[in-house]
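The lines below spell out each chain.
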Amino acid sequence: MSTDLNLAAIIYDSDEQPVDKLLHDMAAKLNRRGDRVAGLAMALNAQGLRRTPMALQDLETGEEYSIAQKLGKESQSCCLDPHGLADATSVLRAALQKPPGLAVVNRFGQQEIDGKGFRAELVQLLDAGIPVLTVVKRKFLAQWHEFAGEGAVDLPFSEVAVGRWCDEVLTDF
């Protein structure tokens, strides 16, 4: 990965925090003012929280990618659908071909920690010099720091702080 990172993660504590709504709102605001933001965020329910069953939404087109498997009521397994995740990577790969001012990657979580999910696309976006914004649950902070190194910025769950970071990297881009 590049040592000159424009990489930040919004650190959040629980799924009750509307961190996905913050990503959607920030992308919409930046796109309205003419800064192209591309990528993926969790699809939202009416309360602005991630929807059940889980889906990812392309921030430019609105297209959705189901990432939930139907495992049955008694299942104790993770319902995350690796095939749905793989389909959604096309959005991030397209950003490599037509670089935006900012790429949004919906999560750095257990899948990325395990070397799966969007880990490869995260690295490719950064290596291409595209600023990346993601979210990280506080319980994964140590693994995030191991992945991202010292060049990444941890942002509080704050529209002002996230907006300030976005403005800074979009000015530099």
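A quick note: this is a predicted structure, and the numbers were derived from the prediction, not measured.

Participant: What's the story with helix α4 (residues 119-127) in this structure? I'm lost.
Facilitator: The periodicity of an α-helix, 3.6 residues per turn, causes residues three or four places apart in sequence to face the same way. What α4 keeps buried is the set Glu121, Leu122, Leu125 and Leu126. All buried residues of α4 lie within an arc of 135° about the axis, which places them on one face of the element. Along its buried surface, α4 packs onto β1 (7-12), α2 (82-97), β5 (102-105), β6 (132-137) and α5 (141-148). Residue Gly129 follows α4 closely and has a positive phi angle near 85°.

Participant: Please explain the sheet that holds β6 as it appears in this structure.
Facilitator: Strand pairing in a sheet takes place through backbone hydrogen bonds and is either antiparallel or parallel in direction. With mixed pairing, the seven strands of this open sheet are ordered in space as β4-β3-β2-β5-β6-β1-β7. Two strands close off the open sheet at either side, each with one partner strand: β4 (64-66) and β7 (153-155). Each neighbouring strand pair of the sheet contributes to a mean axis angle of 25°, computed without reference to strand direction. Pairing of strand β3 (residues 55-58) with β4 involves three bridges; the strand directions are antiparallel. Across the sheet, Gln57 pairs through a bridge with Glu64, a residue of β4.

The rules behind these values
- Residues numbered from 1 in each chain as written.
- Predicted model: local features only at pLDDT ≥ 70, side-chain atom pairs only at ≥ 80, totals over all residues.
- Heavy atoms only, no water.
- Buried < 20%, exposed > 50% of the residue type's maximum accessible area, 1.4 Å probe, protein only.
- Helix = DSSP H or I, 4+ residues; strand = E, 2+ residues; numbered from the N terminus.
- Arc of directions from axis to C-beta.
- Contact = heavy atoms within 4.5 Å.
- Pairing = 2+ DSSP bridges.
- Axes fitted to C-alpha atoms, helices over the stretch in contact; angles between N-to-C directions.

Fair warning: the whole summary comes from geometry, so function is off the table for now.
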